[in-house]
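# Fold and geometry: a report
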Amino acid sequence: DIDTPKGIRDRAILETVYSAGLRCEELVGMTVSCLNLKEGKARIMGKGQRERMVPLGTEAVRRLDDYLRKVRKTCAWAASGDSLWIAMNGLPLGYPGVQALPDRYREAPGITTRICLHGIRRACATHMLRRGASAVSIQLLLGHADMSHLKSYLDVAMTDLKKAHEESRLGQ
């Protein structure tokens, strides 16, 4: 329910994870100062303390702006610090609270399969590949040290390619 503070925050979280392909730890570690909504990007601290810039899609930027103006501004207090994501009591939102988010919202639309944040990250990468993004672009977005981590995504792309190839040959 994006008419409630919690709903506004949670929608912003889910849009941000999908848009930038973030790991849960990266999301929880985000700060207000890491955002540049005007340019549609965020500075992320990834695994091994590697910093990277990630683009934020239009919808994620819109939801983040909404969250910052309507929710964080009214719920934050000194203990919130620079943490981007805060609980309704003003404390920084922790890993368990964020990790449970996707599963909490799957029931309303009738989704029976369990959903985790990492699954949303994978969906981001898979959708990008299916829409023509290069493996190198996806590697950079996800913050993978090398291409070997992309094997599962590339396998999905190959399956899609084989299917498209077979379907295009049906008329011959």
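Structural notes, computed from the coordinates. Small disclaimer: the values here were computed from a predicted structure and weren't measured. (Residues numbered from 1 in each chain as written. Predicted model: local features only at pLDDT ≥ 70, side-chain atom pairs only at ≥ 80, totals over all residues. Heavy atoms only, no water.)

## Looking at the overall build of the protein chain
Where we set the bar: Helix and strand assignments follow DSSP, with helices taken as H or I runs no shorter than four residues and strands as E runs no shorter than two, numbered in order from the N terminus. Note on exposure labels: buried denotes an accessible area under 20% of the residue type's maximum, exposed denotes more than 50%, and partly exposed covers the range between, all computed with a 1.4 Å probe on protein chains only. Values of accessible area rely on a 1.4 Å probe in the Shrake-Rupley scheme; residue burial ignores everything except the protein chains shown.
Within the protein chain one finds eight helices and three strands. Across the protein chain, helices and strands are ordered from the amino to the carboxyl terminus as α-α-β-β-β-α-α-α-α-α-α. Going through the 172 residues of the protein chain one by one, you find that 38% of them count as buried. As presented, the protein chain carries roughly 10000 Å² of accessible surface, and 56% of it is formed by carbon and sulfur atoms.

## Overview of the sheet that holds strand S3 (residues 51-55)
To keep it simple, the criterion reads: Any two strands with at least two DSSP bridges between them are considered paired.
Read from one edge of the open sheet, three strands run S1-S2-S3, paired in antiparallel fashion. Unpaired on one side and paired on the other, strand S1 (35-36) and S3 mark the two borders of the sheet. Across two bridges, S1 lies against strand S2 (residues 41-45) in antiparallel orientation. Of the residues in S2, the one forming a bridge with Asn36 is Lys41.

## Things to note about helix H6 (residues 117-130)
Note on helix geometry: an α-helix contains 3.6 residues per turn, so any two residues three or four positions apart are oriented the same way. The test is simple: Under the convention used throughout, the expected extent of a helix is 1.5 Å for every residue step, that is, one less than its residue count.
Its 14 residues give H6 an end-to-end C-alpha distance of 20 Å, which sits within 8% of 20 Å, the value for a rise of 1.5 Å per residue. Listed in full, the buried residues belonging to H6 are Leu117, Ile120, Arg121, Cys124, Ala125, Thr126 and Leu129.

## Brief notes about helix H1 (residues 5-20)
Helix length check: H1 (16 residues) gives 23 Å between terminal C-alpha atoms against 22 Å at 1.5 Å per residue, within 8%. Of the positions making up H1, those classed as buried are Gly7, Ile8, Arg9, Asp10, Ala12, Ile13, Glu15, Thr16, Val17, Ser19 and Ala20. The first or second residue beyond H1 is Gly21, which carries a positive phi of 60°.

## Points about the nonpolar core
If you look at soluble globular proteins, the nonpolar side chains tend to sit buried side by side. Stated formally: Buried residues of nine kinds, namely Ala, Val, Leu, Ile, Met, Phe, Trp, Tyr and Cys, make up a nonpolar core once their side-chain atoms join them within 4.5 Å. Residue contacts are counted whenever heavy atoms from the two residues lie within 4.5 Å of one another.
Counting residues in each nonpolar core, the largest one holds 30 residues, and the members touching the most others are Leu27, Met30, Leu35, Ala42, Leu56, Tyr67 and Trp85. Secondary structure elements with two or more residues in this core: H1, helix H2 (24-28), S2, helix H3 (58-75) and H6. Residues within four places of Leu27 in sequence aside, it is in contact with Ile13, Thr16, Val17, Leu22, Trp85, Val98 and Leu117.

## Considering the environment of Ile115
Within the element layout of this structure, Ile115 appears in the loop between helix H5 (101-104) and H6. A C-alpha to C-alpha distance of 9.0 Å links Ile115 and Ala100, two positions 15 residues apart in sequence.

## A closer look at the pairing of S3
Taking every second residue as pointing to the same face, the buried face of S3 carries Arg52 and Val54, while none of Glu51, Met53 and Pro55 on the other face is buried. Taken together, the five bridges between S2 and S3 define a ladder with antiparallel strand orientation. Bridge assignment links Lys41 to a residue of S3, and that residue is Pro55. Counting the residues that bridge the hairpin from S2 to S3 gives five residues, and of these Gly48 lies at a positive phi of roughly 65°.

## Some thoughts on the pattern of salt bridges
The condition that has to hold: Within this document, salt bridges are pairs made up of a side-chain nitrogen of Lys or Arg and a carboxyl oxygen of Asp or Glu, the two lying within 4 Å of each other.
Within this structure, the stated rule accounts for 14 salt bridges. Between Arg9 and Asp10 there is a salt bridge whose closest N-O contact spans 2.8 Å. The two residues Arg9 and Asp10 agree in class, both being buried. As a salt-bridge pair, Glu51 and Arg43 come within 3.6 Å of each other at their nearest N and O atoms. Arg43 sits in the partly exposed class, given a relative accessible area of 33%. Three or more residues are tied together by salt bridges with common partners; here these are Arg11, Glu15, Glu59, Arg62 and Arg63.

## A look at the pairing of S2
Consecutive side chains along a regular strand alternate between the two faces of the sheet. Burial along S2 is one-sided: Ala42 and Ile44 are buried, and none of Lys41, Arg43 and Met45, which face the opposite way, are. Linkage of S1 to S2, two consecutive antiparallel strands, is achieved through a turn of four residues, within which Gly40 is found at a positive phi near 65°.

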